[in-house]
Amino acid sequence: NDIKARNKPSFYATPVAWAVANFAQLLIEDEGGIVPHHTGMIVVSDECSLSTIRELSRTAAQGTISPLRFAGASPSIVAGLPALQEGIRGPTVCLTMAPAHASSAIVALIDYWIKYNNIVSVIAIAHYKQGENRHLFKGLIARSAEDELRQQVLQLIDSQTGEIV
């Protein structure tokens, strides 16, 4: 199935960003909520806004570029949109890399944010594109930087388990 976007004439985000936002909302509901002003967000995807970047490339060859699409082509939109929709005011970052290579960075960010940034929870979401129209999203909400964090992150980056949309 194609991922559906909810763009408006004055706002554009890549379809993957909308899917991450939907996934984040469900994750928060399933995990018992968050304190938005004390929550951080990490999204890991090597796809990010690649579809929008390719679309821009095609339209630029025709001599036009939409300013909204240009703004929506930033890879950070996949972390920014869900943060905006959920009211998250803690640190956010998008790691533009394959999730399989991101475990050390994810653990380090969660550990630092919880210990030194007055953050009480960090949402971490991994996105995998599997084929042309199949996407796998996995997530966790870390509420401490304890020993089990590394194991939770290793499960997060395992593309062999999870739900495909």
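Remember, predicted model here, so these are calculated numbers, not experimental data. (Residues numbered from 1 in each chain as written. Predicted model: local features only at pLDDT ≥ 70, side-chain atom pairs only at ≥ 80, totals over all residues. Heavy atoms only, no water.)

(A) Representation of the pairing of strand β3 (residues 121–129) within the structure. Counting buried positions over the nine residues of β3 gives eight, a clear majority of the element. Of the pairings in the sheet, the one linking strand β1 (residues 39–45) to β3 comprises seven bridges and is parallel in character. Paired with Ser-45 across the bridge in β3 is His-127. Two elements, β3 and strand β4 (residues 135–142), share eight bridges in a ladder whose sense is antiparallel. Bridge pairing in β4 links Tyr-128 to Leu-136. Two successive antiparallel strands, β3 and β4, enclose a turn made up of five residues, where Gly-131 displays a positive phi of approximately 85°. (Buried < 20%, exposed > 50% of the residue type's maximum accessible area, 1.4 Å probe, protein only. Helix = DSSP H or I, 4+ residues; strand = E, 2+ residues; numbered from the N terminus. Pairing = 2+ DSSP bridges.)

(B) Quick look at the nonpolar core. By size, the foremost hydrophobic cluster in this structure holds 24 residues, and its most contacted members are Val-43, Val-78, Ile-123 and Ile-125. Those elements that provide at least two residues to this core are α1 (15–30), β1, α4 (77–86), β3 and β4. Residues contacting Ile-123, with those up to four places away along its chain left out, are Leu-27, Ile-28, Ile-34, Thr-39, Gly-40, Met-41, Ile-42, Ile-88, Leu-140 and Ile-141. Of all hydrophobic cores here, the second largest spans 21 residues; its members include Ile-42, Val-44, Trp-113 and Ile-157. (Core = buried A, V, L, I, M, F, W, Y, C linked by side-chain atoms within 4.5 Å. Contact = heavy atoms within 4.5 Å.)

(C) View of the side chain of Ser-103. Turning to its location among the elements, Ser-103 is positioned in helix α5 (residues 103–116). A residue is classified by how much of its surface remains accessible, and Ser-103, at 13% relative accessible area, is buried. For Ser-103, the contacting residues outside a window of four places in its chain are Arg-150, Val-153, Leu-154 and Ile-157.

On their own, these measurements won't tell you what the molecule is for.
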